[in-house]
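Summary of structural features
If you want the building blocks of each chain, they are given just below.
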Amino acid sequence: MTIDEEVPRDLAELVVPLEGSLRAADDRWQPLMLTDPAGASVESVAAYFRDLQARGCSDATIRSYGMDLLRWFRFLWAIDVSWNSATHAEARDFCRWLLLAGKLIRSHWR
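Computed from a prediction, not measured in an experiment: that's the story for all the values here. (Residues numbered from 1 in each chain as written. Predicted model: local features only at pLDDT ≥ 70, side-chain atom pairs only at ≥ 80, totals over all residues. Heavy atoms only, no water.)

What to know about helix α1 (residues 43-54)
Residues separated by three or four positions in an α-helix point in the same direction, a consequence of the helix having 3.6 residues per turn. End to end, α1 covers 17 Å across 12 residues, agreeing with the expected 16 Å (1.5 Å per residue, within 8%). Packed against the buried residues of α1 are β1 (21-24), β2 (32-35) and α2 (59-79). (Helix = DSSP H or I, 4+ residues; strand = E, 2+ residues; numbered from the N terminus. Expected span 1.5 Å × (residues − 1). Contact = heavy atoms within 4.5 Å.)

Put into structure tokens, the structure is as follows:
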């Protein structure tokens, strides 16, 4: 698809549900797991986490990257695009959505 053929997305109306999760796993070799809305592990992310662990990254670093990936995958799920089909247009729209949507505000745990 060329730039002229791109279908513009209405990012102002886009609702990105809080589906999927990043959770701790009881596995020393795979300490974190990103799951899809059905609760299944996202294998591409699991492979990436294994690579990060092999490079000596701490669990905190892997968790930080995992939170970013969770937000990316939630965006892709909301626009119904698989991660291996995402193009520069989806990456651009994700960056624009991040700027416009702002940081998620949740009630504090205390």
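Quick word on the packing of α1 against α2
At a minimum axis distance of 11 Å, the contact between α1 and α2 shows a crossing angle of 160°. Classified by the angle between their axes, α1 and α2 sit roughly antiparallel to one another. Classified by chirality, the crossing of α2 by α1 is right-handed. Here S44, V45, Y48, F49, L52 and Q53 of α1 come into contact with α2, specifically with I62, Y65, G66, L69 and F73. When the residues that make up the contact of α1 with α2 are grouped by side-chain class, the tally is eight nonpolar, three polar and no charged. (Axes fitted to C-alpha atoms, helices over the stretch in contact; angles between N-to-C directions. Parallel < 35°, antiparallel > 145°, perpendicular 65-115°, else oblique. Left-handed = near helix turned anticlockwise from the far one by under 90°. Nonpolar A, V, L, I, M, F, W, Y, C, P; charged D, E, K, R; others polar.)

So, the packing of α2 against helix α3 (residues 88-101)
Following both chains from N to C, one finds α2 and α3 inclined at 110°, their axes separated by 11 Å at the closest point. With respect to their mutual orientation, α2 and α3 come out roughly perpendicular. α3 is crossed by α2, and the crossing has right-handed handedness. Contact residues: α2 offers R71, W72, F75, L76 and I79, while α3 offers E90, A91, D93, F94, W97 and L98. Class assignment of the residues belonging to the contact of α2 with α3 gives a composition of eight nonpolar, no polar and three charged.

Some details on α2
Compared with the 30 Å implied by 1.5 Å per residue over 21 residues, the 30 Å span of α2 between its first and last C-alpha is a close match. Taken together, the buried positions of α2 are I62, G66, L70, W72, F73, R74, F75, L76 and I79. The secondary structure elements touched by the buried residues of α2 are β1, β2, α1 and α3. (Buried < 20%, exposed > 50% of the residue type's maximum accessible area, 1.4 Å probe, protein only.)

Some words on the nonpolar core
Counting 19 residues, the largest nonpolar core has F49 and F75 as its most contacted members. Elements supplying a minimum of two residues to this core: β2, α1, α2 and α3. Residue contributions to this core peak at seven residues, all from α2. Excluding residues that lie within four positions of it along the chain, F75 makes contacts with L11, L14, V16, E90, D93, F94 and W97. (Core = buried A, V, L, I, M, F, W, Y, C linked by side-chain atoms within 4.5 Å.)

That is the geometry; function is a separate question.
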